[in-house]
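Survey of secondary and tertiary structure
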Amino acid sequence: MGVGSVLASPAQISPIKSALFSEGDDMKKAAPAYNESGMRIIDITRPWSDQNVNGVDYGWYRIHLNIPKSLVKGKDFADFIQFNLGHIDDVDEVYLNGKLIGKTGGMPGDAGGYQSKWSVNRQYAVKSNDKAINWDGDNVLAVRCYNGNDPGGMFNAQGVTITVPELIEGVSITSGTGKNGKETVTVNNRYDKAVKGTLSIEEVDNETGKVLSQTTHKVSASASKPGVVSNLATSPGSFLRLKFTDDRTGKDVIARSHPKFILTPAAPAAPRFNTAAIYGVRPGSPVHYRFGVSGERPMTFSSTNLPEGLTINPENGALSGSLAKRGDYTFTVKATNAKGTAEQKFTIKVGDKIALTPPMGWNSWNCWGLSVTQDRVVSSAQALIDKGLADYGYSYVNIDDAWEAPERNPDGTIAVNEKFPSMKELGDWLHGEGLKFGIYSSPGDLTCGCYLGSLDHELQDAETYNSWGIDYLKYDWCGYGKKHALEPDRQVTSSYIRPYMLMGEYLRRQPRDIFYSLCQYGMADVWKWGEMVDANSWRTTGDITDTWESLYDIGFNRQAGLAPYAGPGHWNDPDMLIVGKVGWSDNLRDSRLTPDEQYTHIALWSLLASDMLIGCDLSQLDDFTINLLCNNEVNAVNQDILGIQADRDVLDGDIQIWSRPLSDGSRAIGIFNVGTTDRNVNLADYFKQLGITKLQSVRDLWRQKDLSTSDTDYFIPSHGVKFLKVSL
Ligand code: GAL
C-alpha cells in the first residue's frame, strides 16, 4: 500500500501531499498492479528539482486512494468526480487504474511535439459511472510527467484533491461598463442546470469605503441564460460590491466591479524634474542619460557649469560624453518651456558603482515574447518618449529573447536574425535620445526560447555587445541547466556562481558600463552572492504572470526577508511589470490584474526598490496605465537614493505593512489588504510594530495629497493598498 488518503468531508477527499515516485519513462507504471518496490515517497507540493531530482526528463508519480461512494451522495452533480492536480511542470498524462483520464501539454513524442503547459491548473473530471473507479476500494492515480526545463514535476501547495462540484461553484459574477457609462452585472453559471438566488449590489466610495446605495435583485442563471442586471448608474470614484446568494444552499459568491480609476493628479504644464538627482558611471565609460522632466513641449535644456567632457542636447535633455577621473561632479541643469523654468542640482558619481538607483525602462518579453521584432522595439521606445515615460526616468529599452540567428558567424561571433536588421543603428538611435539599450542571452548553449546562448563564446559576446553599444545584459540560466546537471559539484553553490562570474568578468573588461541582470529564478539564494559576481540585479523568483496569484506569491510571499541584500548598485528583481497590454505573443490583451491590484503592484515594486521594467506594448498605452507608471511621488520611493529596500514589518492576517526609510528622513509605508474582503485599517494600531510614536505629516502618494495626522483609519479595498509617506 502506498500513499493513502483520509475522508475529510463527504464532498472532498482531503489534500494528498505526497506520492510514490521514480524517474524514467515506463508505461507499465500506469497499471494498478505495477510493482512499486523501486519507488520512493516524494513531496508533491514542491517541484522535484527542489528535492534532489535534477536533470530528469520523465518521471512517474503513483497515488493510492480510497474513493468513497459517500463523496457523491446528495450532491447537485452526483454524475462526476473531479481530480484537482494543480500545476505540473511541464507536461502530464494522468491514469486512473490504468485508464487515461486527462492530459495537458505535448510530450516530445506526440504528433504536435513538445508543448510546455506548466502554468495550467489541472482539473480532470471522470463520470461517476466510469468503470475505472473502484468505489470504496483502492485506486491508483498514476501521473506520467515530462519536464522540458527545471523546476519539474508536480507542485501544488494545496496538494491533490478530489471533489464533487455543487451548482453554486459554477457561478461567477462579472461586470462591465457600457458605452453609456452605465454598469451591467452578469451572474454566470458554468452548468446547464439553473441556479436561483438573490443578487445584492452595493455602490461603494473607493477612498472612504462608504456605501452610497444598495439594491437587491432576484436572479436565475444557467449556462445558456445568465442573469443580467443592467443600466446601473455609478458616481466617479466608486465601485460595486456584488453578492449572489443561492436560494437552496444559502452559499454566497462575491465579486466587485473594477472600473479603471486614475489617482495620479495631472502634472503641471511648467517643467518639473522627476528623477533622482544622481547618476553613477565608471571612469571613461560613455555617459548615456536623459533628464526626466515633465511639462509642455517644446522644452529646452541647459547648464552653465557642466563638467568638461559632457554635453547636453538642448532639445531632448540627453547628456553624453565621458569623464575620465573618479569623483563627484555636481552641476545645475535648467529646463525651460513656455510655462516656466525649473532647475535641478545634479551629481555624477564617477567610480566603480553604476545603477545607484534601480533601473527603469521597458523589456519586450511580457508583451511580445518570442515574436519581438526591431520595429516593435522601436515603436515602444518611440512611445516611451512621445507618451512622456522618459520624462519620469524610464530609460532602458531591452530586447529579451528571440533576436539571435540560428547559427553564429563563421568566426564564432553571435549573429542577429532577420527580425533585427541592425543592432548598432538601434543602439545609436537610442543613445541619441539619451536612452539605454539592453539585450538578453544565456550562459547555456540555448536560451529558454531555444535561441543561441553564450556558452563557450562569453568573451566574444561581451565584445560584440560593446560594439553594438549595449548597456544592459539579462543573462538567463535556462539551457545551462543541462550542463549543470552533469557537473560533479552541482549540489554546491559555487556551481551556480561559476557561469555568472565568468560573464561578469568579461562585461567588466568592456570600455562601457553594462548593467548586469541575473536571471536564474533565485536558485542557490542568488541574493547572497549576486553582488560578488558584479551583478546589478538578480531575479529572485520564476516568471511572473498577470494574475493576482502570481503577483501575490512573487511580490509578497517571496520578497520578505530579502531587504538586507539590496542597495545602491545591486537590487533584488521580482520580475517585470505586468500592467498595460501584455500577452507573451502576437496576441496582446489588457493585464488581467484589476486596477486595485495594479496600484498594489506598482506601490509594492516601489517599496521593494525593484527594477521597474515595463512589460507592455507602450504604443498601446491607455491613460490609466500612463498615470499608474508616471506618478512622480510614487516613483521617487523606488528611486530613493538611500536604496534601502522595504521589508514586511506587519503580517496580521490579510493585512501586510511594508515600509522603508527615505533619504529625506521620512518613511514610505504601504498598507496592503491581500484578502478577498474590503477592510478598514487603523495605522495607529500598528505604531508599536512600526516604531512610530507620533506622526508629523502623512501624505497619500497615489493621490498626492496630505492627510490628517490624527485620523489614521483607512479604507483599503480587497487586493488594494494605501501608500503613504510619513514624517515622524
Ligand atoms: C525565462 C525568463 C523570462 C524570459 C524568457 C525568455 O527564463 O525568466 O523572463 O526572459 O526566459 O525565453
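Residues numbered from 1 in each chain as written. Predicted model: local features only at pLDDT ≥ 70, side-chain atom pairs only at ≥ 80, totals over all residues. Heavy atoms only, no water.

Some remarks on the pattern of salt bridges
Within the structure shown, the criterion is met by 46 salt bridges. For D586, the salt bridge goes to R376, with nearest N and O atoms at 2.9 Å. Of this pair, D586 sits in the loop between β36 (581-582) and β37 (589-590) while R376 sits in helix α2 (residues 374-386), and the two are 210 residues apart along the sequence. The partner of R592 in a salt bridge is D546, with the nearest N and O atoms 2.9 Å apart. Of this pair, R592 sits in the loop between β37 and α8 (595-607) while D546 sits in the loop between β34 (537-539) and α7 (548-557), and the two are 46 residues apart along the sequence. The network of salt bridges with shared partners includes D25, E93, K103, D110 and R144. (Salt bridge = Lys/Arg side-chain N within 4 Å of Asp/Glu carboxyl O. Helix = DSSP H or I, 4+ residues; strand = E, 2+ residues; numbered from the N terminus.)

Focus on the pairing of strand β14 (residues 183-189)
Looking along a regular strand, one sees the side chains alternate between the two faces of the sheet. Of all seven residues making up β14, five are buried, and the element is well covered by its neighbours. With seven bridges joining them, strand β13 (residues 171-177) and β14 adopt antiparallel strand pairing. Bridging across to β14, V171 finds its partner in N189. By the bridge criterion, four bridges tie β14 to strand β17 (residues 227-232) in an arrangement that is antiparallel. When the bridges of β17 are listed, V185 appears paired with V229. (Buried < 20%, exposed > 50% of the residue type's maximum accessible area, 1.4 Å probe, protein only. Pairing = 2+ DSSP bridges.)

Quick notes on helix α6 (residues 493-508)
Over its 16 residues, α6 runs 22 Å from end to end, which matches the ideal 22 Å to within 8%, given 1.5 Å per residue. The axis of α6 is deflected most strongly, by about 25 degrees, at P499. For α6, the set of buried residues is S495, Y496, I497, P499, Y500, M503, G504, Y506 and L507. Tucked inside the fold, the buried residues of α6 contact α4 (458-468), β32 (472-476), α5 (480-485) and β33 (515-519). (Expected span 1.5 Å × (residues − 1). Bend = angle between axes of the 7 residues up to and from the residue. Contact = heavy atoms within 4.5 Å.)

Some details on α7
One turn of the α-helix equals 3.6 residues, which is why residues spaced by three or four share an orientation. Listing the buried residues of α7 in full gives W548, S550, L551, I554, G555 and F556. Looking at the buried positions of α7, the neighbouring elements they touch are α8, β39 (647-652), β40 (655-661) and β41 (667-673).

Looking at the confidence of the model for the protein
In this model, the protein carries a mean pLDDT of 95, and residues with pLDDT of at least 70 account for 98%. The low-confidence segment residues 1-10, where pLDDT is below 50, has 26 contacts with residues more than four positions distant or belonging to other chains. (pLDDT = per-residue confidence, 0-100.)

Side note on the sheet that holds strand β25 (residues 310-312)
Here we have three strands laid out as an open sheet, ordered β22-β26-β25, and antiparallel in their pairing. Both edges of this open sheet fall to β22 (287-290) and β25, since each of them pairs with a single strand only. Adjacent strand axes in the sheet meet at a mean angle of 15 degrees when their direction is disregarded. Where β25 meets strand β26 (residues 318-321), three bridges bridge the pair, whose relative direction is antiparallel. In the strand pairing of β26, L310 is matched with G321. (Axes fitted to C-alpha atoms, helices over the stretch in contact; angles between N-to-C directions.)

Some words on the packing of α4 against α6
Two numbers describe how α4 lies on α6: the axes approach to 9 Å, and their chain directions differ by 40 degrees. Taken together, α4 and α6 sit at an angle that is classed as oblique. Here the hand of the crossing between α4 and α6 comes out right-handed. The segment α4 lies against α6, with E458, L459, D461, A462 and Y465 engaging L502, M503, Y506 and L507. By residue class, the composition of the contact of α4 with α6 is seven nonpolar, no polar and two charged. (Parallel < 35°, antiparallel > 145°, perpendicular 65-115°, else oblique. Left-handed = near helix turned anticlockwise from the far one by under 90°. Nonpolar A, V, L, I, M, F, W, Y, C, P; charged D, E, K, R; others polar.)

Re the site of the ligand
Close to the ligand lie 13 residues, the nearest being D400, C448, K474, D476 and D543. Residue D400 places a side-chain N or O atom 2.6 Å away from an oxygen atom belonging to the ligand. Y521 places a side-chain nitrogen or oxygen 3.4 Å from an oxygen atom of the ligand. In isolation the ligand has 310 Å² of accessible area, and contact with the protein removes 96% of it. The residue makeup of the shell around the ligand, split by class, is six nonpolar, one polar and six charged. (Near = heavy atom within 4 Å. Polar contact = N/O pair within 3.5 Å; in protein donor to acceptor, adjacent residues only side chain to side chain. Areas by Shrake-Rupley, 256 points an atom, 1.4 Å probe, with all protein chains shown as cover.)

Points about the packing of aromatic side chains
One pair of aromatic rings is described through two measures. These are the centre distance and the angle between the planes. Applying the stated criterion across every chain, the model contains 32 aromatic pairs. Aromatic side chains Y279 and Y289 sit 4.7 Å apart centroid to centroid with 50 degrees between the ring planes, which places their arrangement in the tilted category. Of the two residues, Y279 sits in strand β21 (residues 278-281) while Y289 sits in strand β22, which places them 10 residues apart along the sequence. Chaining the aromatic ring pairs together yields one cluster made of Y279, Y289, F291, F331 and F346. The ring of W368 carries R376 above its face, with NZ or CZ at 3.9 Å from the centroid. (Phe/Tyr/Trp six-rings, centres within 6.5 Å; stacked < 30°, edge-to-face > 60°. Lys NZ or Arg CZ within 6 Å of the ring centre and 35° of its normal.)

Observations regarding the sheet that holds strand β4 (residues 40-43)
Judged by pairing direction, the sheet is antiparallel, and its six strands sit side by side in the order β4-β3-β5-β10-β7-β8 without closing on themselves. A single partner strand is all that each edge strand has here, and the edge strands are β4 and β8 (99-104). With direction set aside, neighbouring strand axes in the sheet form an average angle of 30 degrees. By the bridge criterion, nine bridges tie strand β5 (residues 58-66) to strand β10 (residues 138-146) in an arrangement that is antiparallel. Counted as the bridge partner of N66 is D138 from β10.

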